[in-house]
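Descriptive analysis of the structure
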Amino acid sequence: LQDHRLILSTSFGYMDSTLRVAKEFPDAAFEHAGGYKLADNLATYNARVYEGRYLAGVLAGHATKSKVLGYVAAMPIPEVLQGINAFALGAREVDPAIETRVIWTNSWFDPIREQEAAATLASQKADVITHHTDSSAVVKAAEKLDVQVIGYHSNMSAFAPKMHLASVTHHWGQYYIARAKALLAGEWRSEMTWGGIADEMVRVEAIATRVSPAAHEQYGRLLAEIKAFHRHPFTGPLIANDGKLRLAPNERIGDTDLARMDWLVDGVVGKV
């Protein structure tokens, strides 16, 4: 490891490899993004992206005219399912008749397949689409298709100057700095960190100026409630799209169940 003392592995798929290497180098500290396995010198961290997805769903709910939204998704792991479900729930805060259609690419990075999925969703009357994939292909495709789009990972407005509605973004800098400082001070510990909007790990950025006053009002109110921990996107009653009751009225899903999510909410057209 060339004497590096803090190693960051930044993909869910690196989990077992990181665990194996951490055992080989017990004097180094390792941080794995999105995983759930710990060791004495291996910590995990993630962002509550579902909070941003929920708010983006509210914006999409106000923007749609067809009442059909599209979601290009990579792999059916809990983090992706949380995002799909939260997006659909946010849209249904605006209009319970809105449906969210999902197409799986089965790849984190496949621009051609992502572009094709976006076109298919547009052909199914989706007039706002978003994605959980690692390229800008969906955003670029939406611009050509004249379909509004919500980017992911970073501010993607440059790829769709006309059709970009907003972007749900991650922000790791402050976390990395804090963990490096803890290591230098001899205070680094293996732990799980899951930060959200209140921790400034997740933001909704570059909201289009065309967003309506009603959308701004509802978005702002819900943002404030999430920051104050007064609102959780996954609050019952919640029914899965197979008709099964998943959360009773006023029940909030716990982090353990969130981390194991393997179902889609009512209003999502698709299968896990």
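Look above for the structure.
Residues numbered from 1 in each chain as written. Predicted model: local features only at pLDDT ≥ 70, side-chain atom pairs only at ≥ 80, totals over all residues. Heavy atoms only, no water.

What to know about a nonpolar patch on the surface
Here is the rule: Each patch is assembled from residues with relative accessible area greater than 30% and no salt bridge, linking like charges that lie within 9 Å and nonpolar side chains (Val, Leu, Ile, Met, Phe, Trp, Tyr) that lie within 5 Å. Only the protein chains shown count as cover for residues, and the accessible areas themselves come from Shrake-Rupley with a 1.4 Å probe. Salt bridges are identified by distance alone: a Lys or Arg side-chain nitrogen within 4 Å of an Asp or Glu carboxyl oxygen. Here a helix means four or more residues in a row that DSSP labels H or I, a strand means two or more in a row labelled E, and each is numbered from the N terminus.
Together, Tyr36, Leu38 and Met192 line one region of the surface with nonpolar side chains, adding up to about 330 Å² of accessible area. Of note, methionine 192 is situated in strand S9 (residues 192-195).

Looking at helix H1 (residues 15-24)
The test is simple: Three labels apply to residues, based on accessible area from a 1.4 Å probe with only protein chains included: buried if under 20% of the type maximum, exposed if over 50%, partly exposed otherwise in between. As used here, the arc belongs to the directions running from the helix axis to the C-beta atoms. In this description, contact between two residues means that some pair of their heavy atoms is separated by no more than 4.5 Å.
Along H1, the positions that sit buried rather than exposed are Met15, Thr18, Leu19 and Ala22. The arc that holds the buried residues of H1, viewed along the axis, is 100°, so those residues lie on one side. Contact partners of the buried residues in H1: strand S1 (6-9), strand S2 (29-33) and strand S3 (42-47).

Notes on the environment of leucine 6
Topologically, leucine 6 is positioned in strand S1. Using a relative accessible area of 24% as the deciding quantity, one classes leucine 6 as partly exposed. Note: C-alpha distance between leucine 6 and aspartate 27 (21 residues apart in sequence) is 9.7 Å. Once residues lying within four places of it in the same chain are set aside, the contact partners of leucine 6 are Ala29, Glu31, Arg179, Ala180, Leu183 and Trp188.

Some points on the packing of helix H4 (residues 111-123) against helix H5 (residues 137-145)
Two quantities define a packed helix pair, namely the angle between the axes and the distance from one axis to the other. Spelled out, the test is: Orientation is described by lines fitted to C-alpha atoms, with helices fitted over the stretch in contact, and by angles between N-to-C directions that extend from 0 to 180 degrees. An angle below 35 degrees is treated as roughly parallel, one above 145 as roughly antiparallel, one from 65 to 115 as roughly perpendicular, and anything else as oblique. A crossing counts as left-handed when the near helix is turned anticlockwise from the far one by less than a right angle, and as right-handed when that turn is clockwise.
One way to put it is that H4 packs onto H5 with a least axis distance of 8 Å and a crossing angle of 40°. In this view, H4 runs oblique relative to H5, as classed from their interaxial angle. Classified by chirality, the crossing of H5 by H4 is right-handed. Between H4, through Pro111, Glu114, Gln115, Ala118, Ala119 and Ala122, and H5, the contact on the second element is made entirely by Ala137, Val138, Ala141 and Leu145.

Focus: the nonpolar core
For the record, the criterion: By nonpolar core we mean a set of buried residues, namely Ala, Val, Leu, Ile, Met, Phe, Trp, Tyr and Cys, connected to one another through side-chain atoms within 4.5 Å.
Grouped together as the largest cluster of nonpolar side chains are 56 residues, with contacts concentrated most on Leu55, Leu59, Ile84, Ile150, Leu165 and Phe234. Among the elements that line this core, the one with the most residues is helix H2 (residues 49-63), at nine residues. Apart from the residues lying within four places of it in its own chain, the contact partners of isoleucine 84 are Tyr71, Ala73, Val102, Trp104, Leu264 and Val268. Counting 15 residues, the second largest nonpolar core, distinct from the first, contains Leu121, Val138, Val149 and Ala160.

Section: the layout of surface pockets
Unoccupied space between atoms shows up once a probe the size of one water molecule is rolled over them. Just so we agree on the cut-off: We place a 1 Å grid over just the protein atoms. Points where a 1.4 Å probe fits but has no way out form a cavity, open points with protein on both sides within 12 Å along at least 5 of 7 lines form a pocket, and any residue with an atom within 4 Å of a point lines it. Grid points are joined across faces, edges and corners, and a volume is the space filled by probe spheres set on the points. Polar here means any residue other than Ala, Val, Leu, Ile, Met, Phe, Trp, Tyr, Cys and Pro, which are nonpolar, and Asp, Glu, Lys and Arg, which are charged; Gly is therefore polar.
Estimates place the volume of the largest pocket at around 390 Å³. Around the largest pocket sit 17 residues that line it, and Gly34, Gly35, Asn46, Trp194 and Ala259 are the ones nearest its centre. Of all elements in the fold, only S3, helix H3 (78-94), S9 and helix H8 (255-259) reach the threshold of two or more residues within the lining of the largest pocket. Among the elements that make up the lining of the largest pocket, the one with the highest residue count is S3 (four residues). By residue class, the composition of the lining of the largest pocket is nine nonpolar, six polar and two charged.

Coordinates in, geometry out; function isn't part of it.
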